[in-house]
Every structure is written in C-alpha cells, then in structure tokens.
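Descriptive analysis of the structure
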Amino acid sequence: MSLTNLRKFLILFLIITVASCTKRDAPLPDNQVEFEVNEQGLAETTNDITLKLKLSRAADRDIPVTISVTPTTGVEYNTDYTIAPVLTGNNIVATILSGSSETSFILTKSMGALFYGDDQIIFKIISSGSPVTIGTQSQLTLKFSEIVSAGTTMTTNGGGASYGNKVFIDLSANNQVAVSRTKWDLGFYTSSSEWRVTLNSSTAMMARQLDKNDLNAVTALDTTGLSNELVFSQTNPVITSLPYIDYPDGNLNRTAIAAISATASENKVYIINRGTGIGVPAPLRGWKKIRIIRSTNGYVLQHADIAATSFVSMEIPKDEKYFFKYVSFENGLLTVEPEAKKWDIAWTYFSNVTNFGNGEVPYNFQDVVLQNRNVQIAKVLIATKLYADFTANDIATQTFVTTQTGIGFDWRSGGGPTSAPAVRTDRYYIIKDGDNNYYKLKFTSLTQAGERGYPAFEYALIKKG
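Analysis parameters
- Residues numbered from 1 in each chain as written.
- Predicted model: local features only at pLDDT ≥ 70, side-chain atom pairs only at ≥ 80, totals over all residues.
- Heavy atoms only, no water.
- Phe/Tyr/Trp six-rings, centres within 6.5 Å; stacked < 30°, edge-to-face > 60°.
- Helix = DSSP H or I, 4+ residues; strand = E, 2+ residues; numbered from the N terminus.
- Buried < 20%, exposed > 50% of the residue type's maximum accessible area, 1.4 Å probe, protein only.
- Pairing = 2+ DSSP bridges.
- Axes fitted to C-alpha atoms, helices over the stretch in contact; angles between N-to-C directions.
- Core = buried A, V, L, I, M, F, W, Y, C linked by side-chain atoms within 4.5 Å.
- Contact = heavy atoms within 4.5 Å.

On to the packing of aromatic side chains. On inspection of all chains with the given rule, the structure shows 22 aromatic pairs. Taking 5.7 Å as the distance between ring centres and 75 degrees as the angle between the ring planes, the aromatic pair formed by Trp184 and Tyr326 counts as edge-to-face. Of this pair, Trp184 sits in the loop between β13 (175–180) and β14 (186–189) while Tyr326 sits in strand β21 (residues 324–328), placing them 142 residues apart in sequence. A residue is classified by how much of its surface remains accessible, and Trp184, at 4% relative accessible area, is buried.

Another aspect to go through is the sheet that holds strand β15 (residues 197–199). Ordered by their spatial adjacency, four strands build an open sheet running β15-β14-β21-β22, and the pairing between neighbours is antiparallel. Unpaired on one side and paired on the other, β15 and β22 (332–334) mark the two borders of the sheet. Shown here is a sheet whose adjacent strand axes are inclined to one another by a mean of 30 degrees, direction ignored. Relative to β15, β14 runs antiparallel, the two sharing three bridges. Bridge pairing links Leu186 to Leu199 in β15.

Ile67, Ile83, Leu107, Phe123, Trp411 and Phe443 are the most contacted members of the largest nonpolar core, which has 52 residues in total. With near-sequence residues (within four places) excluded, Trp411 lies in contact with Trp347, Asp367, Val369, Ala422, Val423, Arg424, Tyr429, Phe443, Ser445, Leu446 and Pro455. Judged by nonpolar contacts, the second largest core, of 33 residues, contains Ile257, Ala340, Trp343 and Ala346.

The strand order β13-β12-β23-β24 describes an open sheet built from four strands, whose pairing is antiparallel. The open sheet has two edge strands, β13 and β24 (360–371), and neither has a second partner. With direction set aside, neighbouring strand axes in the sheet form an average angle of 35 degrees. By the bridge criterion, 10 bridges tie strand β23 (residues 345–355) to β24 in an arrangement that is antiparallel. For Asn355, the partnering residue across the bridge sits in β24 and is Glu360.

Okay, the pairing of strand β3 (residues 48–55) next. Counting buried residues in β3 gives six out of eight residues, a clear majority hidden from the surface. The pairing of strand β1 (residues 32–35) with β3 spans three bridges and is antiparallel. Within the sheet, the bridge partner assigned to Phe35 lies in β3 and is Leu53. By the bridge criterion, seven bridges tie β3 to strand β7 (residues 102–109) in an arrangement that is antiparallel. What sits directly across from Lys52, in β7, is Ser104.

We now examine unusual backbone geometry. For the bond running from Ala84 to Pro85, omega is 5 degrees, close enough to zero to count as cis. In this chain, Val280 is followed by Pro281 through a cis amide linkage whose omega measures 0 degrees. Mapping Pro281 onto the fold places it in the loop between β17 (269–273) and β18 (287–294). Even without being a glycine, Asn174 presents a positive backbone phi close to 55 degrees. Summarising the element assignment, Asn174 is placed in the loop between β12 (165–170) and β13. Asn174 sits in the buried class, given a relative accessible area of 1%. With a phi close to 60 degrees, Ala204 is a non-glycine residue in the positive phi region.

Any functional reading would require information that these geometric values do not contain.
Right, dumping it as structure tokens:
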C-alpha cells in the first residue's frame, strides 16, 4: 500500500472510529426525580391522598429520595395527620425501586382533626440517590381544601405499551387515578331515573341478547355460531357485530344491553364475551351469561359461567354521587371511576368503530381520550388561534360537544399499518368541567422515554367557574 493510500485509510478509519464511539457513548440526559404535580388539594370530605414522585425513566437501581415536610403553624404531625412511610425527623425517606419510574407516599387525616382553608403542607425534594438528580418540579403544596388548579403539565400513567390502565384525570385538582382496565366488567348508571348498563369498553367486551328469561335454561348450545360474530376482529371485522358493543359516543340509548325494564319478565338473558386482558398476546377473558332486573333501590345482577346450572345474584344500589357503579364477575361491587365531579377526561384503550367502506364495524383503538358526562369540549386549530393567545374572551366563539369522544383519538395521527402514531401539534382543546371552569389543553407527547402508554399534556385555567 502506497504512503498516500495508507494515509487515506488511516484518516477514514479514524473518522469511522470517532463517529461510532460518539454514537455509542452519547450520554443519556439526566434522569431526574420530581413531583407529579406542583399543587394538590385534600377536600373536607376526603380522608387521605396519595402523592407521587416520578423519574424521567426507569431506574437501574434503588433510588432513595428525601423529602422535607413543612406544615403551616398549627398543623401537627400525628395530631392532625400521619404519613406512610413515617417521618424521620421532619423528612420522608422514600425509595424508587429498581426497574420502576415512580413511587408515592400517603397522607391521612387524623380522626377528628380540623383544618382551616389556608392550612397546607409544603413537600420539597432535598436529596436523591446517584445518579438521579432533582428536577424542576421539586416542590409540592398540599392544601387542606379543594383547589382550582391554574394548570400544570402531566404524564398519564397508562401502564406502558400494553395500555394496562384506564386513567381518570381531574384538571382542577391536578389529579389522576389509574385503574387496571380489567378490574371491572359492567357499569351501572346510578345518577338519574334511567336504568342503563354498560360494558367494559377497554377490554373489547361484547353482549348479545337471547330470547330467554331463565339464566339456568341457557347452556353452551346457546353460544353456537357466536364465536365468529360476538368477537372483535382487527383482520376481518363484520358489520353485524356492531349492535353488540356500546356505541363509542357514550349515548346510553345505544348500549348493547337494553334499558332495564321495571317489568322483570321483559329483561332477557345476555351472552357476554368478556373480551381480552392485558398482555402480548392479550389473554382471552372468557364468556358469561347474565340477566339484570330492577330492585327497590337499584339493580340486581344474576351471572354465571355458560355451562353452570346455578347463578350468583347481587344488588347494585344507585348512588347520586357517581355516574356509574361497577361490578366485577370475580370481585363483586367495586369503585372504578371517581365521583361525578372529580374527573374530567380519561385516557384508555377503547372499543371504537371504524369504516372500511361498507359501514361501521367494531375496532380496537389505543390512546383514546374520553370526557365525563358533565364535561364539554371544543377543538381549536392553531391556524385560527395560537394556544398561548387563547383567553376567556375567545370562549364564546367556540362550538362545544358533549359526546364522550369529543377528543377521542383526534389528538393523535397515524398508527395504522403504514405510519407510526404521533401527536397532532396543529390543535388543542378547550375543556369546560362540571364546575364551569374552563381550561385549555394540548398534548405534548405520546410516549415517556420512548415507551407508549404514557402520553403527556399541559393545560392552563382560562376562566374560573
């Protein structure tokens, strides 16, 4: 090899080596710990609250975090409140476990404790284990009263790429409640004179009415042929399956289960396909048979496995504080969504519909955002008004909708076989909550540290109710 060619080879080798080392050794951004939000409120009627810390990404070792606790004068630990884990001096020492990206601690009011409207506790992160550093949202103020948040940023705890949680978000309280989406099966409408029952739309659940009134008279023979129709199919969806899901706009007149009649003999038996669970591949949740009638103060649910010759019966009382009360076939009556005025929007995996040209068919969608029944939403394009410029004066010109899919999957694009999903940056939303507070909200990310199931958004109060 000539000297000239040797020099060229050495230069090329050096360039490739430096480039590859730079790419391989490029440091990740700091992994930071901070509070999930900067302010929360504990209403007079609420006894405890869970306060969360989060990392930018999952830790590869246990990370101890020390938080100072500073209450206002007159608010005393043990006398007025307790914290788990217990205080060490005036500090909490919490640990974010290896492989996790968050931890939490719980504050509980003491029995008989009284608080004034300006009582509060300030929590501040004062140290964290290496290599984690302290982020910008290092302080959280807990007020012993309901708050109307001025807005913040929030990352939704959807449970990762398998979309394991349905997450209920209360904008005015800076709060989110994540619930495993396989926790329940049926929702019972409780807040009015209507008698309606919904399916768990986050598990691809379906229901078909039979012309029978006796649950024990239904056998496996009644399911013949249903496995091809009473099921979601992403590859071969059929129009005839549409009546067996709750229509996605939330209209209670379009549920798979008919209104529960005051005349017991009119309430038929339903075959239920419980859909799929959480995981890849998603496990099948099996089949049930159910019948629902009215009681003096609510509903009576009868349910059993398809081949069973007896059934379980349970009562679901109405409760005006909630829109729905929920039942699990395994665990009975339980709480899923918060009280009616304590959530505004929910992020979830969802039983939606789509049209491939021959009519609407049931179809599973990821990253759907639903709105509560007392919430109104308007969409604003930035070509019309920039997010930063939108004020209370612009509210009157907006068109608000009350269907639960007012946001739906409109906030993201793509996601089909030919394109990856992404946040639509040309739009944002105006949200009027159940207390007539108006917020503007825009989505900022579809992922956290590259993982789906953790969408982020920011929002700001533009008019207080």
